[in-house]
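# Coordinate inspection notes
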Amino acid sequence: MTRAGADGGAISATGAIRLVAQRELNIRLRTRSFLIGTAAIIAVIAGYVLLQVSIFGGADRTEVGLSGQAAVLAEPLRTTASDFDLRVETSEVADTGEARSKLEAGELDAVVSGNAAELRVLVKSELDPNLRAILTDMSRQQVLAAQLASAGVADPAAVLAEANATEVQVSMLAAKDPQADQRMVIGMIMVFLLFMAISTYGALVAQGVVEEKASRVVEVLLATVRPWQLLLGKVIGIGLVGLAQLVIVAGAGIAMATAAGVMTLSDVALGTLAWGVLWYLLGYFLYATIYAGAGALVSRQEDAQSVLTPVTMVLVIGFVVGLNLMLQDPDSTATRTMSLVPLLSPILMPGRVAAGQVAAWELSLAIALTLAGIALFTWLGGTIYRNAVLRTGSRMKLADALRG
Amino acid sequence: MRPHTLEVDGLRKRYGDLVALDGVSFAVNGGELFGFVGSNGAGKTTTMRIMLGVLAADSGAVRFDGEPATRHTRARMGYMPEERGLYPKMKVLDQLVYLARLHGLATNHAHAAAEHWIARLGLSDRRETEVQKLSLGNQQRVQLAAALVHGPDALVLDEPFSGLDPLAVDVMSQVLREKAAAGVPVVFSSHQLDLVERLCDRVGIIRSGQMVAVGGVGELTTGASSQLRVDVSGAPDGWADELPGVRVLRAAQTSTVFELAAGADDQAVLHAALAAGQVTRFDRHRPTLAELFRDVVTAGERP
């Protein structure tokens, strides 16, 4: 058994890159840490969604029990309530005993009985002011309709309808986007996910580089592939693992939030995810070669932390400061300026896109600057990697690694 | 398989102010086992790394079959670095298949070759084991398999025998001989000079980045100036220092090794020895490789 393959000799550059990337994918998608990590993030998001459902979802839905004559009010009550932006669920209650026990148990917020003109409400401790207004309004309409009829008005319903259709005209100097809050939450989650993905998978590139140096396998590999092919294959492979996790996590999050009714803006969320994927790719490639170069400076896993910390710090500062600025005002000058800085754009821009308005020129400028950054850092990181990857021993000085 | 040749010609390499290689040249013919010896730091590893293209030389050339080595030809060399390197968490079979494919073998051929060497080197029941869980000896076998799995047309092995148990030394020797017999030029470095002497057809000795001797083992040791070994018990220290026509190379306990100048009379030495004490041994001595090595290496260290 000698050379069994075609007498080909060296593998092509793309072949080598694909093979290296494939190995990274195969190895890393199968690791426990990937599966557990993905499951953990999904669990956190699920927990957040459940929290939203129980706190806010429960609060803005009012359970009203209808007893006796009041049972006919079910439909009008729900309709009127929706005019007040209140969600009311109705159910029938057989007698006062049931009403009391359900109120005690918190299953019902109020029990309404009596005829439409003389409604009686039983509550545990207090009546929701909105519900009080609605019920009062319904009662008054009943009384008014009866009065109109006895006064000889031919069509009391038409008169009431006309009266009810009258509204004050409100003019706003700056309209508040009714979706603003939800958009903000989507934006923040995206910023968080991108920060996690870029810092985690960037650090994995560095760890992979150190692993190959520490185990010395890099010399065997470099006897057949060029340093840039090995680096590119590794960066692509690990980047795809990160992309897979980002899409799985964000997709699961959107699905859960939509199903639970917490989020009504699935188109905004999907758009944000699409932007997030683009910015993940830009941000990951911006940081990955820097991480790789940093990793190549050391020969042991124990030393890795010291060279990774400075890189990670940039991301952390961008994340913390950027998130705070965004919370205060996604369209402030500070937020807009920070989101244009190449090292910070990848985590802040997609957040801004989700939360507010981003001018097309800002987006284009940020993408262009980031691409320029990728070119610069790939060159820098690649040079450091090439010069440092075969040097073993103590940590290499950055200047030496750049000089070669 | 037609025999291949592997040649280095005038390799120079500096690391800052340190001259690592200062014009290293030698050639290895197909079918030949070439032993590359030298002290630590003499330049063996640097030379081998340059042969594989892992390092770039400042000047000089590496030639394969008479042509400057390219990426294409280097992919057909097998390499075992001094610092053993494998992915610790990868299984033996996966690892070998991966390395074979990186050398350009198609997947199915890579599998077949990996299985072949796993069986050949006695690793069959370890093929699904992670490398880090193997004994050191088995890790060395996997490392050898990694150098051989793509069916290389030349082998460059840096200290392949270090850390091997006697059984593994035999397996390694046998494999290297087989490869050489198949027309593959085999270069390996080693500090085990008796092994090199026994195994190699030719030897190159490097000192401070320069080749100080290259040639057949017999040729080198015969070519060394004529030596005389005399064992005398009871002789005073320095009994041999003033003898004409000879030079003392080494003296240890009762044993003294002389270098005889051309035409010098060894009988005069015998007389002097008999006068000095009781002669227990007197012979013309053909130096071993180890002695030759010691002589040429220490010769250069004396000003």
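### What to know about the overall build of chain B
Helix and strand content of chain B: ten helices and 14 strands. On the principal axes, the C-alpha backbone points of chain B span a range of 75 × 45 × 40 Å. Expressed as a percentage of the 303 residues in chain B, the buried residues total 50%. Restricting to contacts in chain B with at least 6 residues of sequence separation, those with at least 24 account for 70%. For chain B, the computed accessible surface area is about 13,000 Å², with 49% contributed by carbon and sulfur atoms. Averaging the positions of the 32 positive and the 36 negative side-chain charges in chain B gives two centres separated by 7 Å.

### Focus: the interface of chain B and chain A
The interface is formed by 34 residues belonging to chain B together with 31 residues belonging to chain A. Across the interface of chain B and chain A, roughly 3,300 Å² is buried in total on both sides, 60% from carbon and sulfur atoms. For the chain B face of the interface with chain A, the top three residues by lost area are R71(B), Y87(B) and L102(B), together amounting to 23%. At the boundary of chain B and chain A, one finds one salt bridge. Close ionic contact of E219(A) with R49(B) constitutes a salt bridge, the shortest N to O distance being 2.8 Å. At the surface where chain B touches chain A, the tally comes to seven residue pairs in polar contact (both at pLDDT 80 or more).

### Regarding the confidence of the model for chain A
Residues of chain A with pLDDT of at least 70 account for 94%, and the chain-wide mean is 84. Under a pLDDT of 50 for its full length, residues 1-8 of chain A has, in the predicted model, 19 contacts with residues more than four places off or in other chains.

### Re the sheet that holds strand β12 (residues 246-252) of chain B
Residues and elements named next belong to chain B. The four strands lie next to each other as β12-β13-β11-β14, forming an open sheet whose pairing is antiparallel. Every other strand in the sheet has two partners, leaving β12 and β14 (278-285) as the edge strands with one partner each. On average, each strand axis in the sheet is inclined to that of its neighbour by 20°, with strand direction left out of account. With seven bridges connecting them, strand β11 (residues 227-233) and β14 associate as antiparallel partners.

### Some details on the domain arrangement of chain A
You'll often see interface size given as the accessible area lost when the parts meet. Domains assigned within chain A are domain 1 (11-54 + 180-403) and domain 2 (61-164). Computed over C-alpha atoms, the centres of domain 1 of chain A and domain 2 of chain A are 55 Å apart.

### Concerning empty space enclosed by the protein
Residue and element names in this part refer to chain B. What the rule picks out here adds up to three cavities of 30 Å³ or more. As a volume, the second largest cavity reaches approximately 60 Å³. Forming the walls of the second largest cavity are L121, Q140, R141, L144, L164, A168, V171 and M172. Of all the elements in the fold, those that place two or more residues in the lining of the second largest cavity are α5 (136-148) and α6 (166-181). When its residues are assigned to classes, the lining of the second largest cavity shows six nonpolar, one polar and one charged.

### What to know about the pairing of strand β4 (residues 59-64) of chain B
Residue and element names in this part refer to chain B. Bridging between strand β1 (residues 5-15) and β4 involves five bridges; their strand directions are antiparallel. Within the sheet, the bridge partner assigned to R12 lies in β4 and is S59. With two bridges connecting them, β4 and strand β5 (residues 67-68) associate as antiparallel partners. Within the sheet, the bridge partner assigned to R63 lies in β5 and is P68. Hairpin remark: β4 followed by β5, antiparallel, with two residues in the connecting loop; positive phi at D65, about 55°.

### Brief notes about the packing of helix α9 (residues 227-259) of chain A against helix α14 (residues 360-388) of chain A
All names here are of chain A. Orientation of α9 relative to α14, taken along the N-to-C sense of each, is 120°, at an axis distance of 10 Å. Classified by the angle their axes make, α9 and α14 are oblique. In terms of crossing hand, the pair formed by α9 and α14 is right-handed. Residues P227, L230 and L231 of α9 lie in contact with α14, whose contacting residues are G382, Y385 and R386. In terms of residue class, the contact of α9 with α14 is made up of four nonpolar, one polar and one charged.

### As for the sheet that holds strand β2 (residues 87-93) of chain A
All names here are of chain A. Read across the sheet, four strands follow the order β2-β1-β3-β4 without closing on themselves; strand pairing throughout is mixed. One side of each edge strand has no neighbouring strand; the edge strands of this open sheet are β2 and β4 (120-123). Sheet twist, expressed as the average angle between the axes of neighbouring strands with direction ignored, equals 30°. Examined bridge by bridge, strand β1 (residues 61-67) and β2 share seven bridges and lie parallel to one another. Bridge pairing in β2 places E63 opposite E89.

### Side note on the pattern of salt bridges
Applying the stated rule across the entire model yields 23 salt bridges over all chains. Across the salt bridge formed by E75(A) and R78(A), the nearest N and O atoms sit 3.3 Å from each other. With E75(A) and R78(A) both in helix α3 (residues 74-83) and three residues apart, this pair spans about one turn of that helix. By relative accessible area, which is 49% here, E75(A) ends up partly exposed. One salt bridge in this structure joins D231(B) and R229(B), with 3.4 Å as the shortest N-O distance. Judged by relative accessible area, which is 22%, R229(B) ranks as partly exposed. Linked by salt bridges that have partners in common, R23(A), E24(A), R28(A), E212(A) and K234(A) make up one network.

Cut-offs and rules
Residue positions within a chain follow its written sequence, with the count starting from 1. Chain letters start at A and ligand numbers start at 1, both assigned in the order the entries are written. Totals for whole chains, interfaces and linings use all residues, but because this is a predicted model, local features are given only for residues with pLDDT of at least 70 and pairs of side-chain atoms are given and counted only at 80 or more. In computing side-chain properties, one takes all heavy atoms of the structure into account and sets aside hydrogens as well as water. Note on conventions: DSSP H or I runs of at least 4 residues are helices, E runs of at least 2 residues are strands, and numbering of each starts at the N terminus. Partly exposed describes any residue whose relative accessible area lies between the buried limit of under 20% and the exposed limit of over 50%, with all areas from a 1.4 Å probe on protein chains only and scaled to the type maximum. Contacts are assigned to residue pairs that have any heavy atoms within 4.5 Å of one another. Per-residue and other accessible areas follow the Shrake-Rupley method at a 1.4 Å probe size, with only the shown protein chains counted as cover for residues. His is not counted, nor are the chain ends, whereas Lys and Arg count as positive and Asp and Glu as negative. Here the site of a charge means atom NZ of a Lys, CZ of an Arg, CG of an Asp or CD of a Glu. Simply put, the buried area is the total loss of 1.4 Å probe accessible area from both parts when two parts are fitted together. Salt-bridge detection follows one rule: a side-chain nitrogen of Lys or Arg within 4 Å of a carboxyl oxygen of Asp or Glu. The term polar contact refers here to a pair of N or O atoms within 3.5 Å; inside protein, the definition further demands a hydrogen-donor-capable atom paired with an acceptor-capable atom, and it admits residues adjacent in sequence only when both atoms are side-chain atoms. pLDDT expresses, on a scale from 0 to 100, how confident the predictor is about each individual residue. In short, DSSP must find at least two bridges between two strands for them to pair. As a rule, the C-alpha atoms of each element are fitted with a line to give its axis, helices using only the stretch in contact, and angles between N-to-C directions run from 0 to 180 degrees. Delimitation of the domains relies on an automatic or database domain assignment. Each cavity reported here is a set of points on a 1 Å grid over the protein atoms alone in which a 1.4 Å probe fits but cannot get out, each pocket an open set with protein on both sides within 12 Å along at least five of seven lines, and each lining residue one with an atom within 4 Å of a point. Grid points are joined across faces, edges and corners, and a volume is the space filled by probe spheres set on the points. Throughout, the ten residues Ala, Val, Leu, Ile, Met, Phe, Trp, Tyr, Cys and Pro are labelled nonpolar, Asp, Glu, Lys and Arg are labelled charged, and all others, Gly among them, are labelled polar. Relative orientations are named as follows: roughly parallel for angles under 35 degrees, roughly antiparallel for angles over 145 degrees, roughly perpendicular for angles from 65 to 115 degrees, and oblique for any other angle. Note: crossing handedness is left-handed where the near helix turns anticlockwise from the far helix by less than a right angle, and right-handed where it turns clockwise.

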